[in-house]
Amino acid sequence: MKLTDITLITPYLSLDPIFYHEVTPTPLKHPRLVSFNPSGALLLGLDPLHIDTSEIEGLLNGTLLLRGSRPYAMCYAGHQFGYYVPRLGDGRAINLGATKGWNLQLKGSGQTRYSRQGDGRAVLRSSIREYLLSEAMHALGIPTSRSLALITSDEKVAREQWEHGAVVLRLSPSWIRFGTFEYFFHSNRYDKLENLADFLLQESFPELVGVENSYLKMFGEIVKRTAHLIAHWQSVGFNHGVMNTDNMSAIGLTIDYGPFAFLDTFESGYICNHTDTQGRYSYDNQPRIGYWNLERLAHALSPLINEEKLKNELDHYGEYFTEHLMELLRAKLGLESAHENDSELLRSLFSVMENGRIDMTPFFRTLSRYDGNKEALCALTLAPSQLNEWLERYDERLLRNSSSTDARHAKMLRTNPNYVLKNYILQEAIDAAEKNDFSLVNDLLTLAQSPYDEHPAFERYAGSTPNQYKNLKLSCSS
Ligand code: AMP
Ligand code: MG
């Protein structure tokens, strides 16, 4: 299918106009395609081999409107850094409509009713990060919004300095956030709150439509998905950076990529966002914040669902989180079944990693080839004797496995990525793109989409982060 054969639908517009603002994108001058993602095209039923670049540029720049498209921005609120902000909304995102269960959304396409002081734009730097990370997370098996393409422009946008404006076309089965519910709850529009819950059921939980206690069951599912999502982040060392409730997807996806980071040297209290001076959104706070955010959602749903019952669902969060994290971490260690001492074994591994300033991605990758020879692993730590001791416990634990070492290696090599897109790697692609060389963005898309493979030309990105690039802090500005 060609792009222009698509017909979009806009079910969100059947809701009351208080939910959205119908607004058309404001095109950027001289748009240029930076990257196009064939996997995103396949999601929409497009033939990636027959993509017309100028049509894609037109779609992202808002000059090519697909059949059925009625662009709109969504209204929401949210708790930002713990404080309630009564109206946020898509200040720079514009929805085009949906096809095949994917809502197409432009980010950086101009002002809307919800822009407040903002210019409605996004810069190339942050757009490259979002474009690549959503594909990288997907390939790691982590629920996320996806991306179709990225354009930039000569048009400059004012941030700390002037930067190139850009637009990402991102895809999600739903763009409803915890903050969308909060908006209607805190403005006492309980009728609209109910409309929103019904809409989300239809859109994303159709199996619960017409079922008894469907709102409660939907909330239970959101609790589970959120717990699983954050367990997954923890297992790969991902720090989201801005877990405000407006950035929490109601269907448990990673959305709104900002100053995120994959940890370099393992540091449990790592804070990727340098404006987060209190460390509210540090790596090790993420599980607690997930719970706190779900409490805000539960509160917003309280006019629709018995509070005691909401609380009962929330109470499962800890067990959902821990069980999933343990499952993911056991797989990272190549352990075939559970044992009561596993959580202690894992806790001590994380403390060995922290004390030895170990970079977790190359560590787990090297562990995926571990055959009893400790040399390669000990080369990754500043505290080899601690690691040695831990490995002796690991040796013993491996005796409980029944399959062969080779089988364990093969499985672990499909579990522990060779590549994660650390900030310094993304920065190299951004620096080149600022000089009109988009080749590294496209190479990183390939790495992002095949993180378990060996890519000899990019071996340098597989090792520990070079010292001078470790644990960069990023600003929220984007
Ligand atoms: P974020 O921190 O990117 O999740 O954004 C928080 C809120 O600010 C959302 O409502 C965004 O739509 C809005 N926002 C962020 N940047 C801009 C911008 N440049 N122009 C308009 N609104 C923005
Ligand atoms: Mg946001």
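Keep in mind it's a predicted model, so treat the numbers as computed, not measured.

Thresholds applied
- Throughout this description, residue numbers start from 1 for each chain and increase along the sequence as written.
- Labels are handed out in written order, letters beginning with A for the chains and numbers beginning with 1 for the ligands.
- Totals for whole chains, interfaces and linings use all residues, but because this is a predicted model, local features are given only for residues with pLDDT of at least 70 and pairs of side-chain atoms are given and counted only at 80 or more.
- Remark: hydrogens and water are excluded; side-chain values derive from all non-hydrogen atoms of the structure.
- The helix and strand labels rest on DSSP assignments: H or I over at least four residues marks a helix, E over at least two residues marks a strand, and numbering proceeds from the N terminus.
- Within these notes, the globule rule equals 2.2 Å times the number of residues to the 0.38 power, and the radius of gyration is based on C-alpha atoms.
- Exposure classes here rest on a 1.4 Å probe applied to the protein chains alone. A residue is buried below 20% of its type maximum, exposed above 50%, and partly exposed in between.
- In short, Shrake-Rupley with a 1.4 Å probe defines the accessible areas, and a residue's cover is counted only from the protein chains shown.
- Atoms of type N, O and S within 2.8 Å of a metal are treated as its donors, and for Na, K and Ca the window is 3.2 Å; water is not considered, so some sites may appear to be missing partners.
- Only buried residues count toward a nonpolar core, which is a set of Ala, Val, Leu, Ile, Met, Phe, Trp, Tyr and Cys residues joined through side-chain atoms within 4.5 Å.
- Note on contacts: a residue pair qualifies if any of its non-hydrogen atoms lie within 4.5 Å across the two residues.
- The rule is short: rings of Phe, Tyr and Trp, with Trp giving its six-membered ring, pair when the centres are within 6.5 Å, and they are stacked under 30 degrees, edge-to-face over 60, tilted in between.
- In this scheme, the term charge over a ring applies when either NZ of a lysine or CZ of an arginine sits within 6 Å of the ring centre and within 35 degrees of the ring normal.
- The way it works is a 1 Å grid over only the protein atoms, where trapped points that fit a 1.4 Å probe form a cavity and open points with protein on both sides within 12 Å along at least five of seven lines form a pocket, and then any residue with an atom within 4 Å of a point lines it.
- Grid points are joined across faces, edges and corners, and a volume is the space filled by probe spheres set on the points.
- When residue character is reported, Ala, Val, Leu, Ile, Met, Phe, Trp, Tyr, Cys and Pro are called nonpolar, Asp, Glu, Lys and Arg charged, and the others, Gly included, polar.
- All the domain ranges listed were derived from an automatic or database domain assignment.
- Buried area: the sum, over both parts, of the accessible surface (1.4 Å probe) that disappears when the two are put together.
- Only one rule defines a salt bridge in this text: a Lys or Arg side-chain nitrogen within 4 Å of an Asp or Glu carboxyl oxygen.
- Pairs of N or O atoms are called polar contacts if they sit within 3.5 Å, as long as, within protein, a hydrogen donor faces a hydrogen acceptor (for residues adjacent in sequence, only side-chain-to-side-chain pairs).
- Throughout, near means a residue has at least one heavy atom within 4 Å of the molecule or strand.

Caption draft 1: Structural view of the overall build of the protein. Within the protein, the regular secondary structure consists of 16 helices and 12 strands. Compactness check: the protein gives a C-alpha radius of gyration of 23 Å against a globular reference of 23 Å for 478 residues, within 12% of the reference. For the C-alpha atoms alone, the extent of the protein along its principal axes is close to 65 × 55 × 45 Å. Per-residue burial for the protein yields a buried fraction of 59% across its 478 residues. On the protein, roughly 19,000 Å² of surface is accessible, and the fraction owed to carbon and sulfur atoms is 50%.

Caption draft 2: Fine view of the coordination of the magnesium ion (ligand 2). In the first shell of the magnesium ion (ligand 2), the protein supplies Asn-247 (OD1) and Asp-256 (OD), at 2.0 to 2.1 Å from the metal. With respect to class, Asn-247 is no different from Asp-256; both count as buried.

Caption draft 3: Structural detail: the nonpolar core. Counting residues in hydrophobic clusters, the biggest one holds 128 residues, and the most contacted among them are Tyr-12, Phe-181, Leu-333, Leu-367, Tyr-394 and Leu-444. Once residues lying within four places of it in the same chain are set aside, the contact partners of Phe-181 are Ile-176, Leu-193, Leu-196, Ala-197, Leu-200, Leu-297, Ala-300 and Leu-301. In this structure, Leu-96, Leu-104, Leu-106 and Ile-151 belong to the second largest nonpolar core, which totals 23 residues.

Caption draft 4: Main features of the packing of aromatic side chains. Tallying each qualifying case throughout the model produces 23 aromatic pairs. Aromatic side chains Tyr-257 and Phe-260 sit 5.8 Å apart centroid to centroid with 90° between the ring planes, which places their arrangement in the edge-to-face category. For Tyr-257, a relative accessible area of 3% gives the class buried. When the ring centre of Trp-292 is taken as reference, the NZ or CZ atom of Arg-280 above it lies at 4.6 Å. Its end group placed over the ring of Tyr-461, Arg-460 keeps NZ or CZ at 4.4 Å from the ring centre.

Caption draft 5: Local environment of the layout of surface pockets. Of the volumes computed, that of the largest pocket is approximately 800 Å³. What lines the largest pocket is a set of 37 residues, among which Gln-80, Arg-92, Arg-116, Asp-246 and Ser-478 lie closest to the centre. Elements represented by at least two residues in the lining of the largest pocket include exactly α3 (124-139) and β10 (162-172). Considering only residue class, the lining of the largest pocket consists of 11 nonpolar, 14 polar and 12 charged. Two domains each donate at least three residues to the lining of the largest pocket, and these are domain 1 (3-78 + 85-172) and domain 2 (178-326).

Caption draft 6: Structural view of the domain arrangement of the protein. Taken domain by domain, the protein holds domain 1 (3-78 + 85-172), domain 2 (178-326) and domain 3 (335-413). For domain 1 and domain 2, the distance between their C-alpha centroids amounts to 23 Å. At the junction of the two partners, domain 1 supplies 28 residues and domain 2 supplies 29 residues. Together, the buried faces of domain 1 and domain 2 total about 2,400 Å²; carbon and sulfur atoms form 68% of this surface. Our count for the domain 1 to domain 2 interface comes out at 2 salt bridges. For Lys-192, the salt bridge goes to Asp-16, with nearest N and O atoms at 3.8 Å. Our count for the contact surface shared by domain 1 and domain 2 stands at 8 residue pairs in polar contact (both at pLDDT 80 or more).

Caption draft 7: View of the site of ligand 1. Neighbouring ligand 1 are 16 residues, the closest being Gly-89, Gly-91, Arg-116, Asp-119 and Gly-120. Contact between ligand 1 and Gly-120: a nitrogen atom at 2.8 Å from a main-chain N or O atom of the residue. Contact distances for ligand 1 include 3.3 Å between a nitrogen atom and a backbone N or O atom of Arg-121. Considering ligand 1 on its own, with 480 Å² of exposed area, one finds that the protein chains cover 80% of that surface.

Caption draft 8: How the structure looks around the environment of Arg-177. By secondary structure assignment, the location of Arg-177 is in the loop between β10 and α4 (178-186). On a C-alpha basis, the gap between Arg-177 and Asp-246 in space is 5.7 Å, while along the polypeptide they are 69 residues apart. With residues up to four places along the chain from it excluded, the contact list for Arg-177 reads Tyr-76, Asp-90, Arg-170, Thr-245, Asp-246, Asn-247, Met-248, Ala-250, Ile-255 and Asp-256. Within the local environment of Arg-177, its side chain forms a polar contact with the backbone oxygen of Trp-175, the two atoms lying 3.4 Å apart.

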